[in-house]
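Spelled out, the chains give:
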Amino acid sequence: MTRSSKSPGILLMAVMVATFVAVASPGSAFALHRVNHHHNRFLHRLRGILWNPMFRPSHDSLIRQNQEIDRIDLPRIQDDDELEALKASGALVPIEESDALKIERGLDPSRRFCRPWTRDFVADLSEAYYRQFHAKIQVNSAVRTVKVQKKLRRHNRNAAPADGDTASSHLAGVTLDLQRRGLTKDQIRFVERYLFYLNALGLVEPEEERRHWCFHVMVSDRYSDWRQTQTIFPRPPAEEPLMAPAVATATAMTASK
């Protein structure tokens with residue numbers, strides 16, 4: 001009677017000790033590590049599936065951005081002295097806040113500059129966005145120098161290089177990063193559609209960066225000439241759904257025939 005009453009307790013203790021030894025043993029630690037490794041890989045793949053932007057960052061996109069900069073024959077701005085010289089000459093113009101556009105507070109005032117056609121682009125996009133959602137587009141980043149980009153690379157391994165065929169297009173002042181985090185699905189889709197048509201026309205090269213949740217948009221100088229052709233068409237009234245520029249142009253041209 002006494003032996004049989006003690007047996008379950010002894011058996012339970014033996015199971016607990018065996019479990020502890022198994023978990024604490026190097027082989028089990030390795031097994032747990034493998035399980036965690038596979039689990040992390042699964043989560044990484046799952047996040048990759050769930051992250052499905054229209055404009056994924058790619059090596060080819062960086063190549064295209066640099067090819068466009070080379071075509072325009074723009075310099076990669078090396079330091080603050082070169083940056084200030086370009087501002088003084090008017091080659092770089094200030095980005096100013098408006099009823100439709102705001103600038104991230106942490107962006108250095110000395111780097112709230114870009115090329116004139118890039119400023120025209122963000123002014124047009126922010127106005128279209130505001131007319132649709134009564135909310136502002138935010139600029140998170142604009143022109144950078146090579147010195148700034150190298151410093152950024154030390155803290156962000158995903159940042160583009162400061163030189164070479166895949167160098168950051170921010171170095172030429174043609175690119176802006178626009179806030180994506182916090183936008184609704186409708187707002188994201190609106191910006192994506194807007195960029196899609198301009199990209200199809202060869203006017204912008206966009207990417208949707210996952211790490212910083214922003215729209216990285218390089219703007220071609222061709223945007224200036226294209227923009228002038230749009231002024232002959234009336235802008236849609238505020239209460240009507242706003243179409244991307246290329247669609248609005250095509251609609252207006254069809255109606256005028």
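Along each chain, the written sequence defines residue order, and numbers are assigned to residues from 1. Residue-level local features of this predicted model are given only where pLDDT is at least 70; pairs of side-chain atoms are given and counted only at 80 or more, and the full residue set underlies all totals for whole chains, interfaces and linings. Side-chain figures throughout are based on the complete set of non-hydrogen atoms in the structure, without hydrogens or water.

Visitor: It is not clear to me how the packing of aromatic side chains should be interpreted in this structure. Could you clarify?
Guide: To describe a pair of aromatic rings, one takes the distance between the centres and the angle between the planes. Stacked, edge-to-face and tilted are the three classes for Phe, Tyr and Trp ring pairs, Trp counted by its six-membered ring, which pair at centre distances within 6.5 Å; planes under 30 degrees apart are stacked, over 60 edge-to-face, the rest tilted. Within the structure shown, the criterion is met by seven aromatic pairs. Ring centres of Phe121 and Tyr223 lie 5.9 Å apart, and the angle between their planes is 85°; this geometry places the pair in the edge-to-face category. You can see Phe121 sitting in helix 5 (residues 116-133) and its partner Tyr223 sitting in helix 8 (residues 222-230), a full 102 residues away along the chain. Summarising the aromatic geometry, the rings of Tyr223 and Trp226 are spaced 5.5 Å apart at their centres and angled 40° between planes, so their arrangement reads as tilted. You can see Tyr223 and its partner Trp226 sitting in helix 8, three residues apart, about one turn around the helix. Each member of the pair Tyr223 and Trp226 is classed as buried. The structure contains a cluster of three or more aromatic residues connected by ring pairs, namely Tyr129, Phe133, Phe190 and Tyr194. In this text, helices come from DSSP runs of H or I with a minimum length of four residues, and strands from runs of E with a minimum of two, each type numbered from the N-terminal end. Think of it in three bands: with a 1.4 Å probe and only protein chains considered, a residue is buried below 20% of the maximum accessible area for its type, exposed above 50%, and partly exposed in between.

Visitor: Please explain the nonpolar core as it appears in this structure.
Guide: Here is a general trend for soluble globular proteins: nonpolar side chains tend to be buried in one another's company. In plain words, nonpolar cores are sets of buried Ala, Val, Leu, Ile, Met, Phe, Trp, Tyr and Cys residues tied together by side-chain atoms within 4.5 Å. One finds Phe121 and Leu178 to be the most contacted residues of the largest nonpolar core, which totals 37 residues. Residue assignment for this core shows that the elements contributing at least two residues are helix 3 (59-72), strand 2 (101-103), helix 5, strand 4 (137-141), strand 5 (175-179), helix 7 (185-200), strand 7 (214-219) and helix 8. In what follows, residue pairs with any heavy atoms lying within 4.5 Å of each other are defined as contacts. Excluding its chain neighbours within four sequence positions, the residues that come into contact with Phe121 are Tyr194, Leu195, Leu198, Val204, Val217, Val219 and Tyr223. Ile77, Leu83, Leu92 and Val143 belong to the second largest nonpolar core, which has six residues in total.

Visitor: What exactly am I supposed to notice about the packing of helix 5 against helix 8 here?
Guide: The description of two helices packed together rests on the angle between their axes and the distance between the axes. Think of each axis as a best-fit line through the C-alpha atoms, taken over the contacting stretch in the case of a helix, with angles from 0 to 180 degrees between the N-to-C directions. Where helix 5 meets helix 8, the closest approach of the two axes is 8 Å, and the angle between their N-to-C directions is 45°. Accordingly, the angle class assigned to the pair helix 5 and helix 8 is oblique. Crossing of helix 5 over helix 8 shows left-handed handedness. In this structure, helix 5 contributes Trp117, Asp120, Phe121 and Asp124 to the contact, and helix 8 contributes Tyr223, Ser224 and Arg227. Gly falls in the polar group here, along with every residue not listed as nonpolar (Ala, Val, Leu, Ile, Met, Phe, Trp, Tyr, Cys, Pro) or charged (Asp, Glu, Lys, Arg). By residue class, the composition of the contact of helix 5 with helix 8 is three nonpolar, one polar and three charged. Roughly parallel refers to an angle under 35 degrees, roughly antiparallel to one over 145, roughly perpendicular to one between 65 and 115, and oblique to any angle outside these ranges. A crossing counts as left-handed when the near helix is turned anticlockwise from the far one by less than a right angle, and as right-handed when that turn is clockwise.

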